[in-house]
Amino acid sequence: MVKRQLSNLQSWVSSPLPLLWRITLLTGGLLAILGLGLTIFTNVATSIRIPRVLTFDISPTQFPDPGTSPQDPSSHPSPSEDQISSQSMDQVQEIAIQEFRLITIVGVLLFSILGAFGTYRIAKKAIQPLQHLNHLIAEIQPESLDQRLSLQRPADEIKVLADTFDEMLDRLEDAFEQQGRFIADAAHELRTPLANMRTNLEVIQGDPRATEEDFRDLSQTFDRSLARVENLVEDLLLLAKGEGQIQYEPVCIEEILEKVIQETEELAQDQQIVVKLLSQANHVMKLDEPLFSLVLRNLIYNAIQYNRLGGSVNIDVQNKGRYILIKIEDTGMGIPKQDLPHIFERFYRVDQSRAKHSGGSGLGLSIASHIVDLHDGYIDVESEEGIGSCFTVHLPKN
């Protein structure tokens, strides 16, 4: 037991102190040294100065000169020895006090200058790692976000700051990479319908025998392509919507679900999918109804679109702890495990060919996740291939 305590004490003593404690100890030591120095200086200066001043400044004035003739006692009475002694003591005290004041003032000024110099040295030593850190940070540019500080020093506040900055650089690098992929994907999604429109237009322009039916087909192609571009632009605008644009109002979640189920009823009938709302309660929360309706529409649409023929979609609303849970469970084909971490990324598609065929842009789940995040909630998913998926929306009650 004693050995373990001694080992802990030894490890604590040998471990580097945090910057705060080092500055505190150095400053405390400086103050102690200055206080001791001021005390020594005052005592030494007093022991030297006061006897010397008393020797030269106190004059023997009160006693008559032996060589002079005595004066008339009636006209000039001579002072008594007690009076002379009292006057001498008063003079000694006054001179000693003045001299001590002078010594104290000089000592305070001298050691204030020494204290300021010592504090400057301590501060310079303390901020030296910060200056080095500032130099390293200044070298990092937008095109070199892969560079890291990787500061090698004891685990103190400077090390924590450098490590935190490296973590921030990791997040910034990921954000820049995602932004680059997003711009490239958005450009590709916009270019595809535009290229389709130009190709059909060039075919018509190069065919002198084009008929009215050909132009009618071209018009329908343009209409589909423009609708796709419009939908993509609307989706991008939704992704750019910020928290300040959310308009909260009390709404019943079950009522929103019933409206969305009615809107997707035709698609469900085409796929022979049975959509059931299991919750019979009325859960009222403050939400942005148009935006949150879009969340539920995207989730329910996917549950129907990627379900098996004759399958089912069960929807339930539960009150659990600090959250209201909205569960949308289907009996579809499921999502491969390697795709689960990426399904909420923008323009990500589990099945490229199937998504293209259905006209999806790969933004549905990204938009749903973004809107739920604006409501301070989150979405998680459980899925197994060949069995189905369950998406759960978590909304905080407050």
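Residues numbered from 1 in each chain as written. Predicted model: local features only at pLDDT ≥ 70, side-chain atom pairs only at ≥ 80, totals over all residues. Heavy atoms only, no water.

Peer 1: Is there a simple way to explain the overall build of the protein in this structure?
Peer 2: Looking only at helices and strands, one finds ten helices and seven strands in the protein. For the protein, long-range pairs separated by at least 24 residues make up 72% of all intrachain contacts whose partners lie at least 6 apart in sequence. Entry remark: accessible area of the protein is about 26,200 Å², with carbon and sulfur atoms responsible for 57%. (Helix = DSSP H or I, 4+ residues; strand = E, 2+ residues; numbered from the N terminus. Contact = heavy atoms within 4.5 Å. Areas by Shrake-Rupley, 256 points an atom, 1.4 Å probe, with all protein chains shown as cover.)

Peer 1: Just checking my understanding: could you explain the packing of helix H4 (residues 157-205) against helix H5 (residues 212-239) for this structure?
Peer 2: A pair of packed helices is captured by two measures, namely the crossing angle of their axes and the spacing between those axes. At their nearest, the axes of H4 and H5 sit 9 Å apart, and the two run at 170° to each other. On the basis of the axis angle, H4 is roughly antiparallel to H5. Classified by chirality, the crossing of H5 by H4 is left-handed. For the contact of H4 with H5, a count of residues per class yields 16 nonpolar, five polar and three charged. (Axes fitted to C-alpha atoms, helices over the stretch in contact; angles between N-to-C directions. Parallel < 35°, antiparallel > 145°, perpendicular 65-115°, else oblique. Left-handed = near helix turned anticlockwise from the far one by under 90°. Nonpolar A, V, L, I, M, F, W, Y, C, P; charged D, E, K, R; others polar.)

Peer 1: Would you mind showing me how to read the side chain of Asp 166 here?
Peer 2: Along the chain, Asp 166 falls in helix H4. On the basis of relative accessibility, which here comes to 10%, the residue Asp 166 falls in the buried class. Ignoring any residue separated from it by four or fewer positions in sequence, one finds Asp 166 in contact with Arg 148, Leu 149 and Ser 150. (Buried < 20%, exposed > 50% of the residue type's maximum accessible area, 1.4 Å probe, protein only.)

Peer 1: Whenever I open this one, the packing of aromatic side chains confuses me. Can you help?
Peer 2: The geometry of two aromatic rings is summed up by the distance between their centres and the angle between their planes. Counted according to the given criterion, the structure contains three aromatic pairs. Taking 5.9 Å as the distance between ring centres and 80° as the angle between the ring planes, the aromatic pair formed by Tyr 323 and Tyr 378 counts as edge-to-face. Placement of Tyr 323 in strand S5 (residues 323-330) and of Tyr 378 in strand S6 (residues 378-384) is noted, with a sequence separation of 55 residues between them. Ring centres 6.5 Å apart and planes at 85° place the aromatic pair Phe 344 and Phe 391 in the edge-to-face group. On the criterion of sequence distance, the pair formed by Phe 344 in the loop between S5 and helix H9 (352-358) and Phe 391 in strand S7 (residues 388-396) is long-range, its members being 47 residues apart. For Phe 344, a relative accessible area of 23% gives the class partly exposed. (Phe/Tyr/Trp six-rings, centres within 6.5 Å; stacked < 30°, edge-to-face > 60°.)

Peer 1: Can you walk me through a nonpolar patch on the surface in this structure?
Peer 2: A cluster of nonpolar side chains, contributed by Leu 36, Ile 40, Val 44 and Ile 48, occupies part of the molecular surface with about 360 Å² of accessible area. With respect to the secondary-structure elements, Leu 36 resides in helix H2 (residues 19-57). (Patch = residues over 30% accessible without salt bridge, like charges linked within 9 Å, V, L, I, M, F, W, Y side chains within 5 Å. Salt bridge = Lys/Arg side-chain N within 4 Å of Asp/Glu carboxyl O.)

Peer 1: How do you make sense of the nonpolar core when you look at a structure like this?
Peer 2: General note: in soluble globular proteins, nonpolar side chains tend to be found buried as a group. Ile 253, Phe 292 and Leu 395 are the most contacted members of the largest nonpolar core, which has 49 residues in total. For this core, the leading source of residues is helix H8 (residues 289-305), giving nine residues. Those residues within four positions of Ile 253 in sequence are excluded, and the remaining contacts are His 283, Met 285, Leu 287, Val 317, Ile 324, Ile 326 and Leu 395. Judged by nonpolar contacts, the second largest core, of nine residues, contains Ile 140, Leu 145, Leu 149 and Leu 169. (Core = buried A, V, L, I, M, F, W, Y, C linked by side-chain atoms within 4.5 Å.)

Peer 1: Looking at this structure, how should I read the confidence of the model for the protein?
Peer 2: Predicted coordinates in regions of low pLDDT should not be interpreted in detail. Put simply, the protein has an average pLDDT of 79, and 81% of its residues get 70 or more. When the criterion is pLDDT under 50, residues 61-66 qualifies, and its contacts beyond four places in sequence or with other chains add up to four contacts. Segment residues 353-357: pLDDT under 50, and eight contacts once partners within four positions in sequence are set aside and those in other chains are kept. (pLDDT = per-residue confidence, 0-100.)

Peer 1: Got a minute to help me understand the sheet that holds S7 in this structure?
Peer 2: Backbone-to-backbone hydrogen bonds pair the strands of a sheet. The strands run either parallel or antiparallel. Overall, mixed pairing links the five strands, which are arranged S2-S4-S5-S7-S6 in an open sheet. The outermost strands of the open sheet, each flanked by one partner alone, are strand S2 (274-277) and S6. Taking the axes of each pair of neighbouring strands and ignoring which way they run, one obtains an average angle of 15° across the sheet. In this structure, S6 lies alongside S7, joined through seven bridges in antiparallel fashion. Paired with Ile 379 across the strands is Val 393, a residue of S7. The strands touched by H8 are S2, strand S4 (312-320), S5 and S7; relative to S5, the strand with the most contacts, the crossing angle is about 25°. (Pairing = 2+ DSSP bridges.)

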